[in-house]
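Descriptive structure summary
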Amino acid sequence: MTDVTTVLTILLMALVTYATRIGGYVALRNRSLSPRARAMLEATPGCVLISVIAPFFVTGEPAGLMALAVTLLAATRLPLLPTVLVGVGAAALLRAVMG
């Protein structure tokens, strides 16, 4: 069973990831951005997502590695927030089923 602290931590990480993406656009909405600055703002949330899921590379747990694969597949097809939700859901489901 997943404890409340773990679920809360995951939800807060997802919120921070989303806030990172939106924060840059809100703060700079009335300014013209260079292509380089725009690329940086668009890449930052992806970096945050990778830092959250990267520990699954070294755990060796089958459930964690399968959740990582599902998350990476979702990242190729979905925007950031749905990808985070798919990854969290996959990790929770696979850990509940596989232990």
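The present account deals with the structure reproduced in this document. (Residues numbered from 1 in each chain as written. Predicted model: local features only at pLDDT ≥ 70, side-chain atom pairs only at ≥ 80, totals over all residues. Heavy atoms only, no water.)

1. Some points on the overall build of the protein chain
Regarding its fold elements, the protein chain presents five helices and zero strands. Along the protein chain, from the amino end to the carboxyl end, the secondary structure elements read α-α-α-α-α. Counting only residues that meet the buried cut, the protein chain has 21% of its 99 residues in that class. Taking all contacts inside the protein chain whose residues are at least 6 apart in sequence as the whole, residues at least 24 apart take part in 51%. Split by element, the accessible area of the protein chain, about 6,800 Å² in all, is 71% carbon and sulfur. (Helix = DSSP H or I, 4+ residues; strand = E, 2+ residues; numbered from the N terminus. Buried < 20%, exposed > 50% of the residue type's maximum accessible area, 1.4 Å probe, protein only. Contact = heavy atoms within 4.5 Å. Areas by Shrake-Rupley, 256 points an atom, 1.4 Å probe, with all protein chains shown as cover.)

2. Some details on helix H1 (residues 4–27)
A rise of 1.5 Å per residue sets the reference length of H1, with its 24 residues, at 34 Å; its end C-alpha atoms lie 33 Å apart and thus fit the reference within 8%. Within H1, burial applies to Ala14, Thr17 and Gly24. If you check the start of H1, you find a side-chain oxygen 2.9 Å away from the backbone N of Thr5, and it comes from Asp3. (Expected span 1.5 Å × (residues − 1). Polar contact = N/O pair within 3.5 Å; in protein donor to acceptor, adjacent residues only side chain to side chain.)

3. A few points about a nonpolar patch on the surface
On the surface, Tyr18, Ile22, Val26, Leu81 and Leu85 cluster together into a nonpolar patch covering about 420 Å² of accessible area. Looking at the nonpolar patch, the elements that each hand over two or more residues are H1 and helix H5 (80–98). Mapping Ile22 onto the fold places it in helix H1. (Patch = residues over 30% accessible without salt bridge, like charges linked within 9 Å, V, L, I, M, F, W, Y side chains within 5 Å. Salt bridge = Lys/Arg side-chain N within 4 Å of Asp/Glu carboxyl O.)

4. Side note on the nonpolar core
Counting five residues, the largest nonpolar core is built from Ala63, Ala67, Ala90, Ala91 and Leu94. Taken together, the elements giving at least two residues each to this core come down to helix H4 (62–77) and H5. The biggest single contributor to this core is H5, with three residues. Not counting the four nearest positions on each side in its chain, Leu94 is found in contact with Ala63, Met66, Ala67 and Gly99. (Core = buried A, V, L, I, M, F, W, Y, C linked by side-chain atoms within 4.5 Å.)

5. Description of the packing of H4 against H5
Direction vectors running N to C along H4 and H5 enclose 155°, while the axes themselves pass 8 Å from each other. If you check the angle between H4 and H5, you find them roughly antiparallel. In terms of crossing hand, the pair formed by H4 and H5 is right-handed. Residues Pro62, Ala63, Met66, Ala67, Val70, Thr71, Ala74 and Ala75 of H4 lie in contact with H5, whose contacting residues are Thr83, Val86, Gly87, Ala90, Ala91, Leu94, Arg95 and Met98. (Axes fitted to C-alpha atoms, helices over the stretch in contact; angles between N-to-C directions. Parallel < 35°, antiparallel > 145°, perpendicular 65-115°, else oblique. Left-handed = near helix turned anticlockwise from the far one by under 90°.)

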